[in-house]
Amino acid sequence: MKILGISTGTKNGNNDTMCRVALEAAKEMGAEIEFIHAFDWNFDFCTGCVACSRGLVMGKGMVCSRKDDYAAFYEKLIEADGVLFVDPIFESGATGLFHTLCDRMGPGHDTGLLMGAHFQMLEKTGKGLDKRYFNQKAISFVGIGGSDWAVRVETDHAMLAMSPDWKVINNEFFSWSKDIIMQDDKIERMKEIGRNLVEAAAEIAKDNEGMEFPIAENNKSYWKGVEGACPHCHSNNFYIFPGTTHVVCELCGLEGTLEIVDGAFKFKNDPSIVPNGQLEHAHDLVSGKKAHGDDIFENEGRLMNLFKDEEFKRRKAYYTAVVEPTPSPSKEA
Ligand SMILES: Cc1cc2nc3c(=O)[nH]c(=O)nc-3n(C[C@H](O)[C@H](O)[C@H](O)COP(=O)(O)O)c2cc1C
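About the criteria used
Residues numbered from 1 in each chain as written. Predicted model: local features only at pLDDT ≥ 70, side-chain atom pairs only at ≥ 80, totals over all residues. Near = placed C-beta within 6 Å. Helix = DSSP H or I, 4+ residues; strand = E, 2+ residues; numbered from the N terminus. Nonpolar A, V, L, I, M, F, W, Y, C, P; charged D, E, K, R; others polar. Pairing = 2+ DSSP bridges. Axes fitted to C-alpha atoms, helices over the stretch in contact; angles between N-to-C directions. Contact = placed C-beta atoms within 7 Å. Core = buried A, V, L, I, M, F, W, Y, C linked by C-beta atoms within 7 Å. Buried ≥ 20, exposed ≤ 12 C-beta atoms within 10 Å, placed from the backbone. Arc of directions from axis to C-beta. Right-handed = clockwise from strand over helix to strand, strands pointing away. Left-handed = near helix turned anticlockwise from the far one by under 90°.

Draft legend 1. Up close: the site of the ligand. Around the ligand sit 18 residues, and of these G9, G13, P88, G145 and G146 come closest. Counting residues per element, the shell around the ligand draws most heavily on helix α1 (residues 14-28), which supplies 3 residues. Taken together, the residues of the shell around the ligand break down into 6 nonpolar, 10 polar and 2 charged.

If you want it as structure tokens, here you go:
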């Protein structure tokens, strides 16, 4: 049982420390542990070049135009049975580095797209994608903040699990935590999060064995946190369409209404909203990922043809001529 902890905080700061607290608890349960201080690694921004989604749509496999440590990092992730991210809270949400890792995980590692690519490659070459890319995995997130600005962070974090379709076990945050090493209740909770991860990772590893490759048709929840306002994905963040009761869960993408049940807001998805009110369209279910993957395959194919269109080329040339970008002062010769 391998547990990988990743901190995106400062060197030996609170996030590193709390990650180590959880890893120690995991080790005490018999897990092999590894720790990555993400700032020691070299991660470039995702530039949006879409080489990854095109690579998958064209059946070329997993490609990325950035030549940095991300591919090695992804190897570490897929080799682990359980992954823990501990991330400082920045502007009520995740850090820029975490967002970068989330973007880099993005379309190029999305189960829905991987499935399409796998079958295409299998048909063309007789060899599909690596089985490990489809394995389920236990993943937990902790945000650590110096004040009480925090309410976007859980949703920002859980987004990273959406592309690879990994199972979120715990997802929480600690506010007013500059002195967290002195706060025993938070240290104890961190240990629990470490132990929960080991337990869930063991259960998922067992469930993986019985699953048909490459479609990890496992919609079981391994959640060990408190129930969220969205009973499906446990997110507490919703987009409210102004002037209506119509909402979208910002994490799983299900649409419906927020209703007061037993004195508390509860989200109810509305299947009459086609397709996003229908449970099978949730972003974290294999069926939802497959539908999303199919949509992207179709759309990318259409876009590749659009680039050859004369009217498209004329419009692009026209607007490009409107103004030149100002060069970066630090890159000027
Ligand atoms: C750019 C920036 C934005 C921050 N925004 C928040 C915030 O919105 N909410 C909060 O609770 N703490 C905020 N903080 C405090 C950090 O969360 C805190 O410094 C961090 O958890 C310390 O972690 P470390 O010791 O591991 O580096 C912010 C800090 C920085 C540098």
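Draft legend 2. Fine view of the sheet that holds strand β4 (residues 138-144). Pairing is parallel in the open sheet, where 5 strands are placed in the order β2-β1-β3-β4-β5. A strand with exactly one partner marks an edge of an open sheet, and here the two such strands are β2 (32-37) and β5 (167-174). On average, each strand axis in the sheet is tilted by 15° relative to the strand beside it, whichever way the strands run. Bridge analysis of strand β1 (residues 2-7) against β2 gives 6 bridges, and the strand direction is parallel. The residue bridging I6 from the neighbouring strand is I36, located in β2. Most of the contacts of helix α7 (residues 184-209) go to β5, to which it runs at about 170°, and overall it touches β1, β3 (82-88), β4 and β5.

Draft legend 3. Fine view of the sheet that holds strand β6 (residues 238-240). As summarised here, the arrangement of the 4 strands in space is β6-β7-β8-β9, forming an open sheet in which the pairing is antiparallel. Each having just a single partner strand, β6 and β9 (264-269) make up the two edges of the open sheet. Pairwise comparison of adjacent strand axes, ignoring direction, gives a mean angle of 45° for this sheet. For β6 and strand β7 (residues 246-249), the ladder comprises 3 bridges, and the chain directions are antiparallel. The residue bridging I240 from the neighbouring strand is V247, located in β7.

Draft legend 4. Molecular detail of the nonpolar core. I3, M18, A22, A26, L84, L197 and C249 are the most contacted members of the largest nonpolar core, which totals 64 residues. The residues touching L197, leaving out its near neighbours within four places in the chain, are I3, A26, G82, L84, A138, S140 and I169. Counting residues in each nonpolar core, the second largest holds 10 residues, with L56, V57, L113 and Y133 among its members.

Draft legend 5. Quick look at helix α3 (residues 70-79). For α3, the complete set of buried residues consists of Y70, F73 and L77. The arc that holds every buried residue of α3, seen down its axis, measures 60°, which confines them to one face. Opposite the buried face of α3, by more than 90 degrees, sit the exposed residues A72, E75 and E79. Against β1, β3 and α4 (96-105) lie the buried residues of α3.

Draft legend 6. Layout of the environment of D295. With respect to the helices and strands, D295 occurs in helix α8 (residues 286-306). Owing to 12 C-beta atoms within 10 Å, D295 belongs among the exposed residues under this scheme.

Draft legend 7. How the structure looks around the pairing of β1. The buried count for β1 comes to 5 of 6 residues, which makes it a mostly enclosed element. Regarding the hand of the β-α-β motif, the stretch spanning β1, α1 and β2 is right-handed. Note that β1 and β3 share 5 bridges and pair parallel. Looking at the pairing, G5 lines up with L84 of β3.

Draft legend 8. Layout of the pairing of β5. Of all 8 residues in β5, 7 are buried; the element is thus mostly enclosed. Sheet analysis places β4 next to β5, joined by 6 bridges and oriented parallel. Within β5, the position partnered with I139 by the bridge is V168. Assessed by its sense of winding, the connection that carries the chain from β4 through helix α6 (residues 153-162) to β5 is right-handed.

Draft legend 9. Fine view of the packing of helix α5 (residues 111-125) against α8. As a packed pair, α5 and α8 sit with axes 7 Å apart at the nearest point and diverge in direction by 65°. Here α5 runs over α8; the crossing is right-handed. Residue-level inspection shows T111, G112, L113, M115 and G116 of α5 in contact with α8, the latter providing K289, K290, H292, G293, I296 and F297. A breakdown of the residues in the contact of α5 with α8 according to their chemical character gives 4 nonpolar, 5 polar and 2 charged.

Draft legend 10. Layout of unusual backbone geometry. For the peptide bond that leads from V274 to P275, omega is 0°, which places it in the cis range. Its place among the elements puts P275 in the loop between β9 and α8. Positive phi, normally seen in glycine, also occurs at S92, with a value near 65°. By the secondary structure assignment, S92 is in the loop between β3 and α4. We classify S92 as partly exposed; it has 16 C-beta atoms within 10 Å. Positive phi, normally seen in glycine, also occurs at D262, with a value near 50°. Along the polypeptide, D262 turns up in the loop between β8 (255-261) and β9. A count of 5 C-beta atoms within 10 Å places D262 in the exposed class.

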